[in-house]
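Summary of the model geometry
This is what each chain is made of:
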Amino acid sequence: MCVFLSLEINEICCAVSDGRSLLLSACLVESTEARLLERDVLASRVREVEEENRQIRLQLSQSQGLAAQPVEGNYGNQQWAASADTGPEDVENTAEERANHSECSRSPTAEKCELIHVACVCAGHNASRDVVTLVKSILFHRRNPLHFHFITDTVANQILSTLFQSWMVPSVQVSFYDADELKSEVSWIPNKHYSGIYGLMKLTLTKALPSNLSKVIVLDTDITFATDIAELWAIFRKFTGNQKQVIGLVENQSDWYLGNLWKNHKPWPALGRGFNTGVILLYLERLRRIGWEQMWRLTAERELMSMLSTSLADQDIFNAFIKQNPVLVHQLPCFWNVQLSDHTRSEQCYTEVSDLKVIHWNSPKKLRVKNKHVEFFRNLYLTFLEYDGNLLRRELFGCPSQASSESTELQHALEELDEDDQCYDFRRERIMVHRVHLYFLQYEYTPTDDGTDVTLVAQLSMDRLQMLEAICKHWEGPISLALYMSDAEAQQFLRYAQASEVLKNRKNVGYHIVYKEGQFYPVNLVRNVALRNVNTPYVFLTDVDFLPVYGLYDYLRYHVWTKGHAPTNYAKWRTATTPYKVEWEADFEPYVVVRRDCPEYDQRFVGFGWNKVSHIIELDAQEYDLIVLPNAFMIHMPHAPSFDISKFRSSPSYRYCLTTLKDEFHQDLSRKYGSAALKYLTAQRNI
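Here's what I pulled together on the structure shown here.

Definitions and limits used
- Residues numbered from 1 in each chain as written.
- Predicted model: local features only at pLDDT ≥ 70, side-chain atom pairs only at ≥ 80, totals over all residues.
- Heavy atoms only, no water.
- Helix = DSSP H or I, 4+ residues; strand = E, 2+ residues; numbered from the N terminus.
- Buried < 20%, exposed > 50% of the residue type's maximum accessible area, 1.4 Å probe, protein only.
- Contact = heavy atoms within 4.5 Å.
- Areas by Shrake-Rupley, 256 points an atom, 1.4 Å probe, with all protein chains shown as cover.
- Salt bridge = Lys/Arg side-chain N within 4 Å of Asp/Glu carboxyl O.
- Expected span 1.5 Å × (residues − 1).
- Disulfide = S-S within 2.5 Å.
- Pairing = 2+ DSSP bridges.
- 1 Å grid on protein atoms, 1.4 Å probe; cavity = no way out; pocket = protein on both sides within 12 Å on 5 of 7 lines; lining within 4 Å.
- Points joined across faces, edges and corners; volume = space filled by probe spheres on them.
- Nonpolar A, V, L, I, M, F, W, Y, C, P; charged D, E, K, R; others polar.

1. Remarks on the overall build of the protein chain
Secondary structure summary: the protein chain contains 23 helices and 22 strands in total. Of all 687 residues assigned to the protein chain, the portion counted as buried reaches 53%. Nonlocal contacts in the protein chain, meaning residues at least 24 apart in sequence, comprise 78% of its contacts between residues at least 6 apart. If you sum the accessible surface of the protein chain, you get close to 32000 Å²; carbon and sulfur atoms cover 51% of it.

2. Comments concerning the pattern of salt bridges
Scanning the model with the defined rule gives 32 salt bridges in all. Between Asp 668 and Arg 604 there is a salt bridge, with the nearest N and O atoms lying 2.6 Å from each other. You can see Asp 668 sitting in helix H22 (residues 652–673) and its partner Arg 604 sitting in the loop between strand E20 (592–595) and helix H20 (613–621), a full 64 residues away along the chain. Its relative accessible area of 4% is what places Arg 604 among the buried residues. The network of salt bridges with common partners includes Lys 136, Asp 388, Arg 435 and Asp 487.

3. Some points on helix H4 (residues 154–167)
With 14 residues, H4 extends 20 Å from end C-alpha to end C-alpha; this agrees with the ideal 20 Å at 1.5 Å per step. Residues Ala 156, Ile 159, Leu 160, Leu 163, Phe 164, Ser 166 and Trp 167 constitute the buried set of H4. As for H4, its buried residues are in contact with strand E3 (116–122), helix H3 (124–141), strand E4 (146–152), strand E5 (172–178) and strand E13 (436–437). Met 168 occupies a position one or two residues after H4 and carries a positive phi of about 55 degrees.

4. Things to note about the state of the cysteines
Taken as a whole and assessed by the stated rule, the structure comprises 2 disulfides. Each disulfide pairs two cysteine sulfurs, and for Cys 113 the partner residue is Cys 399, the sulfurs being separated by 2.1 Å. Every disulfide takes its handedness from the sign of the S-S torsion; for Cys 113 and Cys 399 that torsion is -90 degrees, giving left-handed. Of this pair, Cys 113 sits in the loop between helix H2 (94–98) and E3 while Cys 399 sits in the loop between helix H12 (374–385) and helix H13 (405–415), and the two are 286 residues apart along the sequence. Residue classification places Cys 113 among the partly exposed positions, given a relative accessible area of 23%. By relative accessible area, Cys 399 is classed as buried at 10%.

5. Considerations on the sheet that holds strand E12 (residues 358–360)
Reading across from one edge, E7-E12-E11 is the order of the 3 strands in this open sheet, with mixed pairing throughout. In this open sheet, the two edge strands, each paired with only one partner strand, are strand E7 (223–225) and strand E11 (338–339). For E7 and E12, the ladder comprises 3 bridges, and the chain directions are antiparallel. If you follow Phe 225 over to E12, its bridge partner there is Val 358.

6. Re the sheet that holds strand E16 (residues 509–515)
With mixed pairing, 6 strands are arranged side by side in an open sheet as E13-E16-E15-E14-E17-E20. At either end of the open sheet lies a strand with only one pairing partner, and these are E13 and E20. Two strands pair when backbone bridges link them, and E13 and E16 are joined in this way by 2 bridges, in the antiparallel orientation. If you follow His 437 over to E16, its bridge partner there is Ile 513.

7. A closer look at empty space enclosed by the protein
Taken as a whole, this structure holds 8 cavities of 30 Å³ or more when the rule is applied. Roughly 80 Å³ of volume is contained in the second largest cavity. In terms of lining residues, the second largest cavity is bounded by Arg 129, Val 132, Thr 133, Lys 136, Leu 385, His 437, Phe 440, Asp 487, Gln 491 and Tyr 515. No other element matches H3, which puts 4 residues into the lining of the second largest cavity. Here the residues of the lining of the second largest cavity are counted per class, giving 4 nonpolar, 3 polar and 3 charged.

Listed below in structure tokens is the structure:
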């Protein structure tokens, strides 16, 4: 509880009561005699609080003396030389700190604007989603610049590079490292863990990361932060008290390494309960100096002679190494890795919510894990899962930020807009950059040998979600769908797709989330996201409320031509037996099949009006032939009018701006195609 008594903070005291940290801000202003009297009274109260603090610390150190002792474990005759998170300057408070309650006056802090490095191994579609939640929790609490280092496969690289490029979070750098180049370093190690070969790659970080990077925090993807990551980074300073310490870890909170979980359970060797590698402080500079790469290899080779394989991936090898070299580890308080697996002792790491620092969902059951406080942890996780990532684009005031080229271009474009322009909001929407999460669900596609494959391309929002199952039943070929949703809606969609018998069995559907921002539906931007992420030579450009006739996918694959087609002249179409050519007409907006490298949609058109018409004009201007197939058709599925249509009908300003955008589109056509573009302007004026 913080009570501000005046305008200037003059002193901060910390009181520890019942396991909670209470912040009392004493604020003194010297002005009038009345203020002086108030100051004297407050100063007296501050002295009282300080005395209470001293008494409470004394009581805690006495009553929690047992908690200050090493956690029970079968250490044998091995003397544990690992250092806990205390130094010579902390002697009188050792009992408190080891009891996993941090005293605010003793908490180490990172330097203001100090760059914090975070590394993570990420492979596949599911892990990429998990990383986003982890990153959100870090960004929510952070006060320092960050540099994320991702070891990724091809899938995660594409997903995360697009996401961070479109997210444009200030004071955040991102680097990617190819996991394929590191596989040979660990592929010789048999691993039974569900993480596979990627679960071993943290062993290679001294080689994978830049040689001039001296320190890094290494995190699993199933981590949620409940505090500023700078507090964890600051613990590196305590490594300096012992130049031999190279790894910071939290003790494992299950009995796994004690070998008593079931009969004949034989874990890898570990120091006592061992350590969990979901959160690691790696002093890379010192690790390289002691020959880490050779040391972990020798350890793994020796133990594999009897163990034959790892059960917990890199964690087994880290623990076997520490068992032989205990002086190299710096033990972190367990609230830096509260492990929510079955049979865990994690409840001993906290007594109050304020004790929590990092939550680790290290059970294969994830959110379904058994824990007395699992509802609280689940709600904390879901908060970040559905949190609006746009709100995390905040500047770090007082810290220099090197803006990306994308954000610089966006800023310049925004500065050129006239805020007094009646159509300012429309123009701003055209240049707005939306966060994009590609391949939100598992995606698999095998190219055909004949080069005639075609992908159905469409976009939708939450109110059209119910139409997905019908489309997937009617179109068995690949689909590229862009979904315009909020963070919370994206999670609703995920649950819907995973529960649907139709959708969960389709792996050739690419779902790409374009996150909501602004007041308009950027329909053509969303369409372009779906169009750019097609893997077939041809695309079928349609809308989600049009249902393809059964068999249309196979029919289109065997009727390949080099230009687009469009259904028109229905009287002729009813009796036609062969494809026939038609000419462009004003306001023509058919659904077409074209080559993948066709022009993109014009993103100036948002919401309702001319979003498809302008695209067909562009195709015609580039001399695409419009061909009608006699046996290809779609059925429109009725639905309520969209919100954008309602705005168009009710707002004169909306209609005025749409007319203005049409005129500017025609001007751009004239500049690109010269006199050939005059027919479109003439046709528009004759309507």
